[in-house]
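Residue strings, one per chain:
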Amino acid sequence: MTSVHPWDDVRIFHKECRSLARAGFDVHLVACAPRTICVDGVNVHAVPKAQGGRLHRMLATAWRVYQTARALNADVYHFHDPELIPYGLLLKWQGRKVVYDVHEDVPRDILSKHWITPRLRRRLSQAFEWVEDFAAKRFASVVAATPFIAQRFARVNPSSVDVNNYPAEFAELARQGCADKAGSRNLCYIGGIGTIRGAFEMVRALEFVDARLIMAGPFQSTAIEEELRSLPGWKKVDYRGVVDREGVARILAESRIGLVLLHPVINYLDSLPVKMFEYMAAGLPVVASDFPYWRSLLADAGAGVCVDPLDPRAIARCIETLLERPDEAVRMGDAGRRAVSDRYRWDHESDKLIALYGHLAAR
């Protein structure tokens, strides 16, 4: 069940639903979709997307998702959005097994919302954490997108499990690499384009290095797009728009280095951005924000370097070093590919999800 994400969301549909369907489960996905269809063994039940603002969506779309899902009379209900927590509790009180899939640490995310006054921010964060913990304690399981989130929920629900958002298309991505692109000076960034995702620092870093940045993804706002396009470094940006999985693979095939330079806001410090692992799977060395967790992960794999994400000149120096030392870049890229092949790949995570469903079915 999702009222927020598109029906073909990578984590929800391509990873979790398809994996469960391949394992033999009868999988139904209730989401905003153009029509009711069956794709790869997954029955997609379309609900109309509510027109209007966020509040209308939270009320109208969430209610439609709940009604459609309840009518299916399922054995297990698995939902992905905090706004569906009340309906998850309703299903629980109707005797159903309910799984809450937590993509982000929402209480910590609230603390980084600068448009909310600091005092109200703290109170909202504490209130939401209480609500989330109250609900999670009553659900059959919590599926968390990172180990950090799973550890938090394990305090209230021992059935919490981390199902990490690692790449599902390892074989496709692993065909890419930087060994045969020694003359290229292309960098890449794929994902949402906004201030705290490091967009301005990436573009400003281009002023200090001879490189081109291939960028793909949606802009956070029209104002941010206009401001980015006004920067001197934008002339070195090749913006590809919002691309599909094939478009992602093409960009990785053209690139030498992958960038993931999120700002040090509390919700990002222990995150596992899927783009980092996609870069690694494609054999690209990673230039990442210098967070302790990420530094440890990349150092352990030997797959990249960390840098202050708020310093465009330092970012440029890291990029220049890797471009001028192609052998080192290739070594890091190969190490990253091996790390994804051995540890950071979706089939290992899908095994955990399938085992959880086997346990729920047995109960």
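Everything numeric here is computed off the predicted structure, so don't read it as measured data. (Residues numbered from 1 in each chain as written. Predicted model: local features only at pLDDT ≥ 70, side-chain atom pairs only at ≥ 80, totals over all residues. Heavy atoms only, no water.)

1. Observations concerning the sheet that holds strand β4 (residues 76-79)
Let me state the cut-off plainly: A pair of strands is treated as paired once DSSP finds two or more bridges between them. Per the convention used, a helix needs a DSSP run of H or I reaching at least four residues, while a strand needs a run of E reaching at least two, with both numbered from the N terminus. Residue contacts follow a heavy-atom distance rule, with two residues in contact if any of their heavy atoms lie within 4.5 Å. For helices, the axis comes from a line fit to the C-alpha atoms of the stretch in contact; other axes are also lines fit to C-alpha atoms, and the angle between any two N-to-C directions lies between 0 and 180 degrees.
Here four strands make up an open sheet; going across it, the order is β4-β5-β6-β7 and the pairing parallel. Two strands lie at the open edges of the sheet, namely β4 and β7 (161-162), each paired on one side alone. Sheet analysis places β4 next to strand β5 (residues 97-102), joined by four bridges and oriented parallel. The partner of H78 across the bridge, within β5, is V99. The sheet contacts of helix α3 (residues 85-93) involve β4 and β5, and relative to β5 the element is tilted by about 160°.

2. Quick notes on the side chain of E16
Threshold: Relative accessibility thresholds used throughout: buried, under 20% of the residue-type maximum; exposed, over 50%; partly exposed, between the two (1.4 Å probe, protein chains only).
Structurally, E16 can be placed in helix α1 (residues 10-22). Taking relative accessible area as the criterion, E16 reaches 3% and is therefore assigned buried. Contacts of E16, omitting those with residues within four sequence positions, involve R11, H78, H80, D101, V143, V163, W346 and L353.

3. With respect to the sheet that holds strand β3 (residues 42-47)
With respect to topology, three strands assemble into an open sheet ordered β1-β3-β2, the strand pairing being mixed. Of all the strands in the sheet, the pair left with one neighbour each is β1 (27-32) and β2 (37-39). Adjacent strand axes in the sheet meet at a mean angle of 30° when their direction is disregarded. Of the strand pairs in this sheet, β1 and β3 are connected by six bridges, and their pairing is parallel. Residue C32 lies in a different strand from β3, and its bridge partner there is V47. Across the sheet, α1 touches β1, β2 and β3, and the angle it forms with β1 is around 160°.

4. Quick word on a nonpolar patch on the surface
What counts, and what does not: Patch building starts from residues that exceed 30% relative accessible area and form no salt bridge, then joins like charges within 9 Å and nonpolar side chains (Val, Leu, Ile, Met, Phe, Trp, Tyr) within 5 Å. All accessibility values rest on the Shrake-Rupley procedure with a 1.4 Å probe; residue burial counts only the protein chains present in the view. Salt bridges, as used here, are contacts in which a Lys or Arg side-chain nitrogen is within 4 Å of a carboxyl oxygen on Asp or Glu.
Side chains of L55, M58 and L59 sit close together on the surface and give an oily, nonpolar patch of about 300 Å² of accessible area. Summarising the element assignment, M58 is placed in helix α2 (residues 54-71).

5. As for helix α5 (residues 118-136)
An α-helical turn contains 3.6 residues, so any two residues separated by three or four positions project in the same direction. Filter applied, for reference: Here, expected helix span is obtained from the residue count minus one, scaled by 1.5 Å. Read the arc as the range of directions from the helix axis to the C-beta atoms.
Given a rise of 1.5 Å per residue, 19 residues ought to cover 27 Å, and the 27 Å separating the end C-alpha atoms of α5 matches this to within 8%. Within the span of α5, buried status applies to R121, S125, F128, E129, E132, D133, A135 and A136. Down the axis of α5, the sector holding all buried residues measures 155°, keeping them to one side. Of the residues in α5, the exposed ones pointing more than 90 degrees away from the buried face are R119, R123, Q126 and W130.

6. Description of the nonpolar core
Which entries qualify depends on this criterion: Definition of nonpolar core: a set of buried residues of the types Ala, Val, Leu, Ile, Met, Phe, Trp, Tyr and Cys, connected through side-chain atoms within 4.5 Å.
Among the nonpolar cores identified, the biggest contains 63 residues, and L213, M215, L228, L259, M276 and M280 are the most heavily contacted of them. Take this core: its biggest share by element is seven residues, from helix α13 (residues 312-324). Once residues within four sequence positions are removed from consideration, L259 is found in contact with L187, C188, Y189, M202, L213, K275, Y279, V287 and I319. Residues C32, Y87, Y100 and V142 belong to the second largest nonpolar core, which totals 30 residues.

7. Notes on the packing of aromatic side chains
Quick note on the threshold: Two rings from Phe, Tyr or Trp (for Trp, the six-membered ring) form a pair when their centres sit within 6.5 Å of each other. Planes less than 30 degrees apart are called stacked, planes more than 60 degrees apart edge-to-face, and all others tilted. Ring-over charges, as used throughout, are those where CZ of Arg or NZ of Lys falls within 6 Å of the ring centre and within 35 degrees of the ring normal.
Throughout the structure, instances matching the rule amount to 17 aromatic pairs. For the pair F277 and Y344, a centre-to-centre distance of 5.1 Å together with 50° between the ring planes defines the contact as tilted. In this pair, F277 is assigned in helix α11 (residues 274-281) and Y344 in the loop between α14 (326-342) and α15 (346-362), connecting sequence segments 67 residues apart. Judged by relative accessible area, F277 falls into the buried class, the value being 0%. Three or more aromatic residues joined by ring pairs form one cluster here, namely F79, Y100, F139 and F153. We note R138 situated over the ring of F134; from NZ or CZ to the ring centre the distance is 3.7 Å. Across the ring face of F153, the terminal group of R152 is positioned such that the distance to the ring centre comes to 4.2 Å.

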